[in-house]
Amino acid sequence: MHGAGNDYIYVNAMKYPLSNPEQLAISWSDRHKGIGSDGLIMIDRSKIADFKMRMFNNDGSEGIMCGNGVRCIGKYVYDHRLTTSTTVTLETLGGIKILKLFVGSNNLVEKVRVDMGKPILADKNQLANNNGAMKMGIVSVGGKDYTGTFVSMGNPHFVIFTDNIDDIDLAKEGSKLERHPMFPQRCNIEFAEQRPGNVFRTRVWERGTGITQACGTGACATAVAAIVNSKANDRATIAMDGGDLEIEWNGNDNLFMTGPAATVFEGEIEI
């Protein structure tokens, strides 16, 4: 399945429990020798919500949250009739997320609106400076200064606004910034260029994965950075390589993300 091009392998762990998801995420995600994906997501039972998500990047590391993955789980559980409700709660390592499902005429989910909770602009565990906050602060690496804003959506993001996004060497610059000492848990890196009409063209280097077509929490972080730096009002369209995500945040309360979810194919693999 994919959300705006951010593709993961989804396993119903209630039916098919996996004992070694870290290693399977590595082997299955290989685009030449495996299925090919940005990682592995398991859908399981939860004691505190309707369902539970565990997600693993394609390097085997476990992620805290995945906004595109959350939307795809909403589609999966409804389309496979694991629920008949169009409101679903989902347990993640980043807290419980509330999903609103939009069902098409074919009785399949087409898009999902997610209550992503409140953004965090200061986190001493994820940002190694005196107060755990950075609003248009400078991170220096490789003799170059990057001015950006730190936002946590449960997982850490560093958002850099640029005038020429197509000139960014994302693989080179993203990989260096991800592992900068300023980010003790590593960091997701977003480069964003402002376009007319509250649109931000955004490219993503995802922690533990690399370049991805989209990142749901990255879209949220980009919108938050734009709003707190007076580049946008309470709504923003984040245009990523794989598609657009709509973000709503009034600056105080919970943030909402709306975007598509799509099934690519289903199959079986021996383990």
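Nothing here was measured: the structure is a model prediction, and the numbers come from that model.

Draft legend 1. Representation of the overall build of the protein within the structure. Each helix and strand in the protein was counted, giving 4 helices and 18 strands. Scaling as 2.2 N^0.38, a compact globule of 271 residues should have a C-alpha radius of gyration of about 18 Å, and the protein matches this with 18 Å. Dimensions of the protein along its principal axes, counting C-alpha atoms only, are 50 × 35 × 35 Å. The buried share among the 271 residues of the protein stands at 55%. Partitioning the contacts of the protein with sequence separation of at least 6, the portion at a separation of at least 24 is 61%. Here the protein holds 28 positive side-chain charges and 32 negative ones, and the gap between their average locations is 3 Å.

Draft legend 2. Here's a closer look at helix 4 (residues 216-228). Taking 1.5 Å as the rise per residue, helix 4 with 13 residues should run 18 Å; its terminal C-alpha atoms sit 19 Å apart, in good agreement. In terms of burial, helix 4 is largely enclosed, as 13 of its 13 residues are buried. Directly beyond the C-terminal end of helix 4, a positive phi value near 60 degrees is found at S230.

Draft legend 3. Just the pairing of strand 3 (residues 9-12), in detail. Side chains of strand 3 alternate between two faces, with I9 and V11 and Y10 and N12 buried alike. Strand direction decides the pairing type here: strand 3 and strand 4 (residues 39-44), joined by 4 bridges, are parallel. Each bridged residue has a counterpart across the sheet, and for V11 the counterpart in strand 4 is M42. In terms of handedness, the path from strand 3 via helix 1 (residues 21-29) over to strand 4 forms a crossover that is right-handed.

Draft legend 4. How the structure looks around the packing of aromatic side chains. Applying the stated criterion across every chain yields a total of 3 aromatic pairs. Here the aromatic rings of F158 and F183 are separated by 5.4 Å at their centres, their planes lie at 50 degrees, and the arrangement is tilted. Of this pair, F158 sits in strand 12 (residues 156-161) while F183 sits in the loop between helix 3 (170-178) and strand 13 (188-195), and the two are 25 residues apart along the sequence. Judged by its relative accessible area of 0%, F158 falls in the buried class. Using a relative accessible area of 3% as the deciding quantity, one classes F183 as buried.

Draft legend 5. Structural view of the layout of surface pockets. Of the pockets and cavities examined, the largest pocket occupies roughly 830 Å³. Lining the largest pocket are 25 residues, with Y10, V11, E266, G267 and E268 positioned closest to its centre. Broken down by element, the lining of the largest pocket gets its largest block of residues, 4 residues, from strand 3. Taken together, the residues that form the lining of the largest pocket break down as 15 nonpolar, 6 polar and 4 charged.

Draft legend 6. Representation of empty space enclosed by the protein within the structure. Summed over all chains, the structure comprises 2 cavities of 30 Å³ or more. If you trace the largest cavity, you find it lined by M55, N57, G63, I64, M65, N155, N188, E206 and R207. Residues that form the lining of the largest cavity fall into these classes: 3 nonpolar, 4 polar and 2 charged. Estimates place the volume of the second largest cavity at around 30 Å³. Every residue lining the second largest cavity is listed: M53, R54, M55, E62, G63, I64, M65, T92 and L93. Mapped by element, the contributors of at least two residues to the lining of the second largest cavity are strand 5 (51-57) and strand 6 (62-63).

Draft legend 7. View of the pattern of salt bridges. Counted under the stated rule, the structure contains 11 salt bridges. In this structure, K75 and D79 form a salt bridge, with 2.6 Å as the shortest nitrogen-oxygen distance. Placement of the pair is K75 and D79 together in helix 2 (residues 67-79), with a separation of 4 residues, close to one helical turn. You'll find K75 and D79 in the same group, each marked buried. Each of D7, R31 and D38 takes part in a single network of salt bridges with overlapping partners.

Draft legend 8. Summary view of helix 3. Considered for burial, the residues of helix 3 that qualify are L170, E173, G174, L177 and E178. Buried residues along helix 3 cover an arc of 130 degrees about the axis, so they all sit on one side. Each element contacted by the buried residues of helix 3 is listed here: strand 10 (137-141), strand 11 (144-152), strand 12, strand 13, strand 14 (199-206) and strand 15 (210-212).

Draft legend 9. How the structure looks around the environment of E246. Its location among the elements puts E246 in strand 17 (residues 243-248). Judged by its relative accessible area of 37%, E246 is partly exposed. Residues E246 and V109, spaced 137 residues apart in sequence, show a C-alpha to C-alpha distance of 17 Å. Beyond its immediate stretch of four places on either side in the chain, E246 contacts A236, T237, F256, M257 and T258.

Each value, and the rule that gives it
Residues numbered from 1 in each chain as written. Predicted model: local features only at pLDDT ≥ 70, side-chain atom pairs only at ≥ 80, totals over all residues. Heavy atoms only, no water. Helix = DSSP H or I, 4+ residues; strand = E, 2+ residues; numbered from the N terminus. Rg over C-alpha atoms; globule rule 2.2 N^0.38 Å. Buried < 20%, exposed > 50% of the residue type's maximum accessible area, 1.4 Å probe, protein only. Contact = heavy atoms within 4.5 Å. Lys, Arg positive; Asp, Glu negative; His and termini not counted. Charge placed at Lys NZ, Arg CZ, Asp CG, Glu CD. Expected span 1.5 Å × (residues − 1). Pairing = 2+ DSSP bridges. Right-handed = clockwise from strand over helix to strand, strands pointing away. Phe/Tyr/Trp six-rings, centres within 6.5 Å; stacked < 30°, edge-to-face > 60°. 1 Å grid on protein atoms, 1.4 Å probe; cavity = no way out; pocket = protein on both sides within 12 Å on 5 of 7 lines; lining within 4 Å. Points joined across faces, edges and corners; volume = space filled by probe spheres on them. Nonpolar A, V, L, I, M, F, W, Y, C, P; charged D, E, K, R; others polar. Salt bridge = Lys/Arg side-chain N within 4 Å of Asp/Glu carboxyl O. Arc of directions from axis to C-beta.

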